[in-house]
Amino acid sequence: MVEQTLVLIKPDGLSKSLTGNVLTRLSETKLEIVASRIVEVSKELAEQHYAMLKDKPFFPDLIKYLMGGFHKKKVMALVYYGDDAIAKIRKICGATNPEEADPVSIRGAYGRITTKGVYENVIHASTNPEEAEREIKLWFAPDEIIMDLYPVKTVKGTFEKKIWV
Ligand code: DAT
Ligand code: MG
């Protein structure tokens, strides 16, 4: 089945200069990248992204981690598209706990658990089509993706935005 999935290279991945390594590993899937951006993650965005984990004891540190509180304040967000995109990407990412992850997976090779107990696992990938839709819509506007992955509508109005001077 043709699917799309959200990938985040988390702040530890960017700070450790692993971006190229991670993208190279993901290219083994032969999937297509249809969107990418570097994001300075706000508290709102981080909390919305991990909304289903809000009652977990590790939630505050997880939000701090995604916002770059332990590293640099940036995340690389991408959308991958193609046959079985969700499962293919999840397999290369490896298990959530980097110490249990297959050592040749991205998380197994590059992740760690800090002495404070934070899972610095380098990468996020959506787990199912419903999550992928929710997450892609959270991180990207329709114009930032090279195809209309979901229904869109055009709205008219006066919007404030920055332009080059
Ligand atoms: P995944 O990222 O594999 O989809 P998840 O959605 O269950 O896993 O959790 C989201 C993130 O939360 C995960 O990447 C790292 C963190 N996390 C999960 N379980 C944890 C735990 N027991 N202790 C610390 N961090 C945890
Ligand atoms: Mg998850």
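To be clear, the structure that these remarks concern was listed above.
Calculation notes
Residues numbered from 1 in each chain as written. Chains lettered and ligands numbered in written order. Predicted model: local features only at pLDDT ≥ 70, side-chain atom pairs only at ≥ 80, totals over all residues. Heavy atoms only, no water. 1 Å grid on protein atoms, 1.4 Å probe; cavity = no way out; pocket = protein on both sides within 12 Å on 5 of 7 lines; lining within 4 Å. Points joined across faces, edges and corners; volume = space filled by probe spheres on them. Helix = DSSP H or I, 4+ residues; strand = E, 2+ residues; numbered from the N terminus. Nonpolar A, V, L, I, M, F, W, Y, C, P; charged D, E, K, R; others polar. Near = heavy atom within 4 Å. Polar contact = N/O pair within 3.5 Å; in protein donor to acceptor, adjacent residues only side chain to side chain. Areas by Shrake-Rupley, 256 points an atom, 1.4 Å probe, with all protein chains shown as cover. Sits in = over half its atoms within 2 Å of the grid points. Buried < 20%, exposed > 50% of the residue type's maximum accessible area, 1.4 Å probe, protein only. Pairing = 2+ DSSP bridges. Phe/Tyr/Trp six-rings, centres within 6.5 Å; stacked < 30°, edge-to-face > 60°. Lys NZ or Arg CZ within 6 Å of the ring centre and 35° of its normal. Core = buried A, V, L, I, M, F, W, Y, C linked by side-chain atoms within 4.5 Å. Contact = heavy atoms within 4.5 Å. Axes fitted to C-alpha atoms, helices over the stretch in contact; angles between N-to-C directions.

Caption draft 1: Focus on the layout of surface pockets. Counted as a void, the largest pocket has a volume near 460 Å³. Surrounding the largest pocket, 22 residues form its lining, Tyr50, Leu53, Phe58, Leu62 and Thr96 being those nearest its centre. Among the secondary structure elements, those contributing two or more residues to the lining of the largest pocket are α4 (59–66), β6 (123–125) and α7 (129–139). In terms of residue count, the dominant contributor to the lining of the largest pocket is α4 (three residues). In terms of residue class, the lining of the largest pocket is built from nine nonpolar, six polar and seven charged. Taken as a whole, the second largest pocket encloses approximately 170 Å³ of empty space. Looking at the lining of the second largest pocket, its residues break down into ten nonpolar, no polar and two charged.

Caption draft 2: How the structure looks around the site of ligand 1. In the vicinity of ligand 1, the residues found are Lys10, Tyr50, Leu53, Phe58, Leu62, Arg90, Thr96, Arg107, Gly117, Tyr119 and Asn121. In this structure, an oxygen atom belonging to ligand 1 sits 2.8 Å away from a side-chain N or O atom of Asn121. In isolation ligand 1 offers 520 Å² of accessible surface; the protein chains occlude 75% of this area. Of all the cavities here, the one that holds ligand 1 is the largest pocket. Taken together, the residues that form the shell around ligand 1 break down as five nonpolar, three polar and three charged.

Caption draft 3: Examining the pairing of strand β3 (residues 75–83) more closely. Most of β3 is tucked away: seven of the nine residues are buried. As paired elements, strand β1 (residues 2–9) and β3 share eight bridges and run antiparallel to each other. Across the sheet, residue Thr5 finds its bridge partner in β3, namely Tyr80. Pairing analysis gives seven bridges linking strand β2 (residues 32–39) to β3, with the strands arranged antiparallel.

Caption draft 4: Quick peek at the packing of aromatic side chains. All chains considered together, the criterion is met by zero aromatic pairs. The ring centre of Tyr150 lies 5.0 Å from the NZ or CZ of Lys137, which sits over that ring.

Caption draft 5: View of the nonpolar core. Membership of the largest hydrophobic core comes to 27 residues, with the highest contact counts inside it found for Val41, Ile136, Trp139 and Phe140. For this core, the elements supplying multiple residues, two or more each, are β1, β2, α3 (43–49), α4, β3 and α7. The element best represented in this core is α4, accounting for five residues. Ignoring sequence-local partners within four residues, the contact set of Ile136 consists of Gln4, Thr5, Leu6, Val79, Ile145, Leu149 and Tyr150. Counting 18 residues, the second largest nonpolar core, distinct from the first, contains Leu26, Leu31, Ile89 and Ile123.

Caption draft 6: Looking closely at the sheet that holds β3. Strand order in the open sheet made by the four strands is β2-β3-β1-β6, with antiparallel pairing throughout. Every interior strand has two partners, whereas the edge strands, β2 and β6, have only one. With direction set aside, neighbouring strand axes in the sheet form an average angle of 20°. α7 contacts β1, β2, β3 and β6 of the sheet and is inclined by roughly 55° relative to β1.

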